[in-house]
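# Overview (structure and organization)
Below are the chains, spelled out letter by letter.
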Amino acid sequence: MNNPLIIENTITGEKIFKSQPVDEEVIFDGGVMITETDTRGIITYANRKFREMTGFSKEELIGSPHSINRHPDMPKGAFRGMWKIISSKKKWRGYVKNMRKDGKFYWVLVYIQPKLDENDKIVGFIAGRKIAYPESIEEASALYAKLHGDEHIDDKIFTDDSYDSYLKTGK
C-alpha cells in the first residue's frame, strides 16, 4: 500500500485513515509512553499512556506499523538512521515530532533499543518516550526543516553517533 495516509493493520486487515496534520500542539504531560514492535516495526504492545496521547485504541495500534503516528515534518533520514543504528544492536535516541489520530502533534524524546533473545538475535524493539524540553524541540525542529528533503536521507547527522552528538552539543 503506497498511500501514506492509509495504514493497514496486519492482524485485523482494517484500514486506518490518518488525519491530515493540524497545526496544533498537544503538550505531553509526562510519564512514560512505551511501545514494543517486531523486527519490521509492527506494534506488538502499546501502554496506556501511549494510547491516551496518540488517541488510537489498543485494537488500532496492535498489528499496525509504528508509522501510524509519524508526522510528515519528520525527515526520512532520521528514521533511516534510526533503523541502521537499532538494527546493529545499538541504542538510539532522538527528538521526534509525532502526530495523533486527530492530526494534532506532540514532541517527545525517544529512546529505542533492540530486544534480543537468548542467542543474541534481535526479536523486536522497545521504545520509551519522555518529555522533550522546549529548547531541544526548537533545535530539532530547525534541524529537521533543514534536512527534510529526500536529498538528505543519508545525511551523516542521522547515522552512527553523529545525531546523538548533535543532540548533546548542538553541533
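Residues numbered from 1 in each chain as written. Predicted model: local features only at pLDDT ≥ 70, side-chain atom pairs only at ≥ 80, totals over all residues. Heavy atoms only, no water.

## Things to note about the overall build of the chain
Helices and strands together make up the secondary structure of the chain, namely five helices and seven strands. Sequence-ordered secondary structure for the chain, helices as α and strands as β, is β-β-β-β-α-α-α-β-β-β-α-α. With the C-alpha coordinates aligned to their principal axes, the bounding extent of the chain is approximately 45 × 45 × 35 Å. Looking at the chain as a whole, 43% of its 171 residues qualify as buried. Within the chain, counting contacts between residues at least 6 apart in sequence, those at least 24 apart form 54% of the total. Carbon and sulfur atoms make up 51% of the accessible area of the chain, which amounts to about 9,300 Å² in all. Taken as two groups, the 27 positive and 26 negative side-chain charges of the chain have centres that lie 3 Å from each other. (Helix = DSSP H or I, 4+ residues; strand = E, 2+ residues; numbered from the N terminus. Buried < 20%, exposed > 50% of the residue type's maximum accessible area, 1.4 Å probe, protein only. Contact = heavy atoms within 4.5 Å. Areas by Shrake-Rupley, 256 points an atom, 1.4 Å probe, with all protein chains shown as cover. Lys, Arg positive; Asp, Glu negative; His and termini not counted. Charge placed at Lys NZ, Arg CZ, Asp CG, Glu CD.)

## Structural notes on the environment of Lys-90
Mapped onto the fold, Lys-90 is located in the loop between helix H3 (76-87) and strand S5 (92-99). For the pair Lys-90 and Ile-112, spaced 22 residues apart in sequence, the C-alpha separation works out to 8.8 Å.

## Thoughts on the environment of Pro-21
Mapped onto the fold, Pro-21 is located in the loop between strand S2 (15-17) and strand S3 (33-37). Between the C-alpha atom of Pro-21 and that of Lys-101, which follows or precedes it by 80 residues, the distance is 9.4 Å. The contacts of Pro-21, once residues within four sequence positions are left out, are His-71, Pro-72, Met-99 and Gly-103.

## Things to note about the packing of aromatic side chains
A complete count under the given rule lists two aromatic pairs for this structure. With a centroid separation of 5.4 Å and an interplanar angle of 90°, the aromatic rings of Trp-83 and Phe-125 are classed as edge-to-face. Here the residue Trp-83 occupies a position in helix H3, and Phe-125 occupies one in strand S7 (residues 122-131), the gap between them amounting to 42 residues. Residue classification places Phe-125 among the buried residues on the basis of a relative accessible area of 5%. Geometrically, the ring pair formed by Trp-107 and Tyr-144 is stacked, given 6.1 Å between the ring centres and 20° between the ring planes. Here the residue Trp-107 occupies a position in strand S6 (residues 105-116), and Tyr-144 occupies one in helix H4 (residues 134-146), the gap between them amounting to 37 residues. Residue Trp-107 is classed as buried on the basis of its relative accessible area, which comes to 7%. (Phe/Tyr/Trp six-rings, centres within 6.5 Å; stacked < 30°, edge-to-face > 60°.)

## What to know about the pairing of S7
Where a strand is regular, its side chains alternate between the two sheet faces. Bridge count for S3 against S7 is five bridges, and the pairing is antiparallel. Considered in S7, the bridge of Thr-35 is made with Ala-127. Following S6, the chain reverses through five residues before pairing antiparallel with S7; Asp-120 in that reversal takes a positive phi of roughly 65°. (Pairing = 2+ DSSP bridges.)

## Quick word on the sheet that holds strand S4 (residues 43-46)
Here we have five strands laid out as an open sheet, ordered S4-S3-S7-S6-S5, and antiparallel in their pairing. Two strands lie at the open edges of the sheet, namely S4 and S5, each paired on one side alone. Adjacent strand axes in the sheet meet at a mean angle of 30° when their direction is disregarded. The sheet strands contacting H4 are S5 and S6, and the helix crosses S6 at an angle near 85°. (Axes fitted to C-alpha atoms, helices over the stretch in contact; angles between N-to-C directions.)

## Description of the pattern of salt bridges
By the definition in use, this model includes 12 salt bridges. Across the pair Lys-104 and Glu-24 runs a salt bridge whose closest N-O atoms are separated by 3.5 Å. Here Glu-24 lies in the loop between S2 and S3 and Lys-104 lies in the loop between S5 and S6, a separation of 80 residues in the sequence. With relative accessibility at 24%, the residue Lys-104 sits in the partly exposed group. (Salt bridge = Lys/Arg side-chain N within 4 Å of Asp/Glu carboxyl O.)

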